[in-house]
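Summary of the model geometry
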Amino acid sequence: MSYVGIVLISHSPKVVEGIKDIIRQVIHDVPIELAGGTDENEIGTSIEKIQVAIDKAYSEKGVLLMYDLGSAKMNAEMAIEMSEKDNIKIVEAPLLEGSYVAAVESGMNKSLDEVVKALEKGF
Amino acid sequence: MDNLQVEHALDWMAKTNEKIQDNKEYLTTLDQAIGDGDHGINMARGFGEVMKKLNGEAYQHAADVMKDAAMTLMSKVGGAAGPLYGTAFLKLSMTFKGTDVDYATFSKGIEDALNGVKQRGKAEIGEKTLVDVWSAVANALRENEGFDSEVILQSAKSGMEGSKDIKATKGRAAYLGDRSIGHLDPGSVSSFYLFESLAEVINEGA
């Protein structure tokens, strides 16, 4: 069985590692990939890291990108534009709480659109 | 200057890099006041990498110079300036591609770059972002009929100075609300350096 994959994008590698730990306490099977910090692991975001995380989290059910602050969203959008896949979405929701809800929904075998809808309703 | 040639494009990037490196601390100080304090460091790293890339290649067309600058900035800057300047240079490259970069083409390139930046950052004029400088220059170019260094310099300057007394509603400074008033926008200042450099290239190429 495949699940909607989730990519966590933050300016800080520590932030996404912590969020993944919290989610993994409860949800084990949903792919969660991290794109925290710049290429040098400094504060910032990296298109390349986001692209790699998308590829790793990808299944035929698609991938959801969650982000923290402005430039993370811009880099997420560019990573999507550069990828050749089409079922990738970005959601506006708090990174921690939103990712948690997304993982729970994905774990219930929901489709990408259903997960997005749950997040839009919840936040 | 009638056309922006490869050597002009290379010189433009080199002069911009010099100003960014010389003013790295100043940009950082501006960004510490109303942002996350990394604009000087990020821009200096990004343009340093751009120069490394450009110095290692032989170019046939200004469009390819702009494209390599775009790709380098996107992957090396790290902060919001990466996707924004990256998008601007990518648009310039797309507009310049396959044609002589005469004044009309150049002017359209700046207009396209402005629209790309607005779309990427979901920003409009008057939000205390680099859009304020790019739109001031785009307007000035539209109203003129030939490469004029003074027109470019003065419009960029007015856009930059105009960013000081308004409230930020986009970017990290927007979190500060009214406290952002009275500070220059760091992105507007780095964009000013870019256009100030262009004005110098035009002067030397005239």
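Residues numbered from 1 in each chain as written. Chains lettered and ligands numbered in written order. Predicted model: local features only at pLDDT ≥ 70, side-chain atom pairs only at ≥ 80, totals over all residues. Heavy atoms only, no water.

The name given to chain B in an unreviewed UniProt entry is phosphoenolpyruvate--glycerone phosphotransferase, and the organism recorded there is Virgibacillus oceani. Under the UniProt heading Pathway (unreviewed entry), the note attached to chain B is "Polyol metabolism; glycerol degradation." Taken directly from UniProt, the Catalytic activity (unreviewed entry) text for chain B runs: "dihydroxyacetone + phosphoenolpyruvate = dihydroxyacetone phosphate + pyruvate". (UniProt positions renumbered as here; feature names shortened; annotations may be inferred.)

Chain A carries the name phosphoenolpyruvate--glycerone phosphotransferase in an unreviewed UniProt entry, which gives Virgibacillus oceani as its organism. What the UniProt record of chain A gives under Catalytic activity (unreviewed entry) is the line "dihydroxyacetone + phosphoenolpyruvate = dihydroxyacetone phosphate + pyruvate". The record in UniProt for chain A states the following under Subunit (unreviewed entry): "Homodimer. The dihydroxyacetone kinase complex is composed of a homodimer of DhaM, a homodimer of DhaK and the subunit DhaL."

1. Some words on the interface of chain A and chain B
With 17 residues of chain A in contact, the opposing surface of chain B contributes 16 residues. On the chain A side of the contact with chain B, Leu-69, Met-74 and Met-78 of chain A bury the most area, a combined 38% of that side's loss. For Lys-122 of chain B, the salt bridge goes to Glu-77 of chain A, with nearest N and O atoms at 3.0 Å. The interface formed by chain A and chain B contains three residue pairs in polar contact (both at pLDDT 80 or more). In terms of residues, the side of chain A that touches chain B owes the most to one element, helix H3 (residues 70–82) of chain A, which gives eight residues. Considering only residue class, the side of chain A that touches chain B consists of six nonpolar, six polar and five charged. (Contact = heavy atoms within 4.5 Å. Buried area = accessible area lost by both parts, 1.4 Å probe. Salt bridge = Lys/Arg side-chain N within 4 Å of Asp/Glu carboxyl O. Polar contact = N/O pair within 3.5 Å; in protein donor to acceptor, adjacent residues only side chain to side chain. Helix = DSSP H or I, 4+ residues; strand = E, 2+ residues; numbered from the N terminus. Nonpolar A, V, L, I, M, F, W, Y, C, P; charged D, E, K, R; others polar.)

2. Structural notes on the pattern of salt bridges
For the coordinates displayed, the defined rule picks out 21 salt bridges over all chains. Linking Glu-81 of chain A and Arg-120 of chain B is a salt bridge whose minimum nitrogen-to-oxygen distance equals 2.9 Å. Here the residue Glu-81 of chain A occupies a position in helix H3, and Arg-120 of chain B occupies one in helix H6 (residues 103–121), the pair thus bridging two chains. Through salt bridges with shared partners, one network takes in Glu-77 and Glu-81 of chain A together with Arg-120 and Lys-122 of chain B.

3. Comments concerning H3 of chain A
Residue and element names in this part refer to chain A. A rise of 1.5 Å per residue sets the reference length of H3, with its 13 residues, at 18 Å; its end C-alpha atoms lie 19 Å apart and thus fit the reference within 8%. Within H3, ten of the 13 residues are buried, leaving the element largely enclosed by the surrounding structure. Buried within H3 are the following residues: Ser-71, Ala-72, Lys-73, Met-74, Asn-75, Ala-76, Glu-77, Met-78, Ala-79 and Ile-80. (Expected span 1.5 Å × (residues − 1). Buried < 20%, exposed > 50% of the residue type's maximum accessible area, 1.4 Å probe, protein only.)

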